[in-house]
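Letter by letter, the chains look like this.
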Amino acid sequence: MKFYKNLYIGDTITKPDKIKRKLKHHAKQLKVFVVLLAAGNDQLEICHSIVLEQPYYRKKENAPYIIGIAGNYEEAVTLVCRIAKEAFEQNGNADLKRYLFPETQAVRKA
C-alpha cells in the first residue's frame, strides 16, 4: 500500500496518521473512504476502506495507491472535485494523473 506524497485529507478526518497506520495494517475502519489511483485508463476511484481488506489488494502487485482519505462518500467526492479543479486551473485540462504525477510522462500502474 502506497500513499500519495501530498495526501488529500477530508475535513472530518482528525487523525490522518492513525488512519494511515490502520490502513497499512489492514485494520477495519467503518467510517473511512479512500480515493485511489485507478489502474488502466480511468483517473481516480473511490471505495470504502473495507474493500482494501480483500485478498486481491494484499498482493504486492495489486497494492493500492491512496491519493486521499475521507470520512464519508460525499467527502471523498468533494476531494476528487477539488483535485479536478486544481488540475484544470494548473493545466487547463482534467488529466488528473498527469497533474498528480507531473514528473512522469506516462503514469505507471501504481
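Preceding this section is the structure that the text describes.
Residues numbered from 1 in each chain as written. Predicted model: local features only at pLDDT ≥ 70, side-chain atom pairs only at ≥ 80, totals over all residues. Heavy atoms only, no water.

Topic: unusual backbone geometry
One non-glycine residue, H26, lies in positive phi territory at about 60°. Here H26 is to be found in the loop between α1 (16-24) and β2 (33-37). (Helix = DSSP H or I, 4+ residues; strand = E, 2+ residues; numbered from the N terminus.)

Observations regarding helix α3 (residues 73-91)
Between its first and last C-alpha atoms α3 spans 27 Å; for 19 residues at 1.5 Å apiece the expected length is 27 Å, and the two agree. Considered for burial, the residues of α3 that qualify are E75, A76, L79, I83 and A87. The buried residues of α3 all sit within an arc of 125° when viewed along its axis, so they share a single face. Of the residues in α3, the exposed ones pointing more than 90 degrees away from the buried face are E74, T78, K85, F88 and E89. Contacts made by the buried residues of α3 are with β1 (2-9), β2, β3 (44-48), β4 (65-70) and α4 (96-100). Once α3 finishes, G92 follows within two positions and takes phi at roughly 80°, a positive value. (Expected span 1.5 Å × (residues − 1). Buried < 20%, exposed > 50% of the residue type's maximum accessible area, 1.4 Å probe, protein only. Arc of directions from axis to C-beta. Contact = heavy atoms within 4.5 Å.)

A short note on a positive patch on the surface
A cluster of basic residues, K15, K18, R21 and K22, forms a positive patch at the surface. In this structure, R21 sits in helix α1. Residue R21 is classed as partly exposed on the basis of its relative accessible area of 49%. (Patch = residues over 30% accessible without salt bridge, like charges linked within 9 Å, V, L, I, M, F, W, Y side chains within 5 Å. Areas by Shrake-Rupley, 256 points an atom, 1.4 Å probe, with all protein chains shown as cover. Salt bridge = Lys/Arg side-chain N within 4 Å of Asp/Glu carboxyl O. Lys, Arg positive; Asp, Glu negative; His and termini not counted. Charge placed at Lys NZ, Arg CZ, Asp CG, Glu CD.)

Concerning the state of the cysteines
Considering all chains together, one arrives at zero disulfides under this definition. C47 takes part in no disulfide bond, and the closest cysteine sulfur to it belongs to C81, at a distance of 17 Å. For C47, a relative accessible area of 11% puts it in the buried group. Residue C81 is classed as partly exposed on the basis of its relative accessible area of 47%. (Disulfide = S-S within 2.5 Å.)

Distances and angles like these do not, on their own, reveal function.
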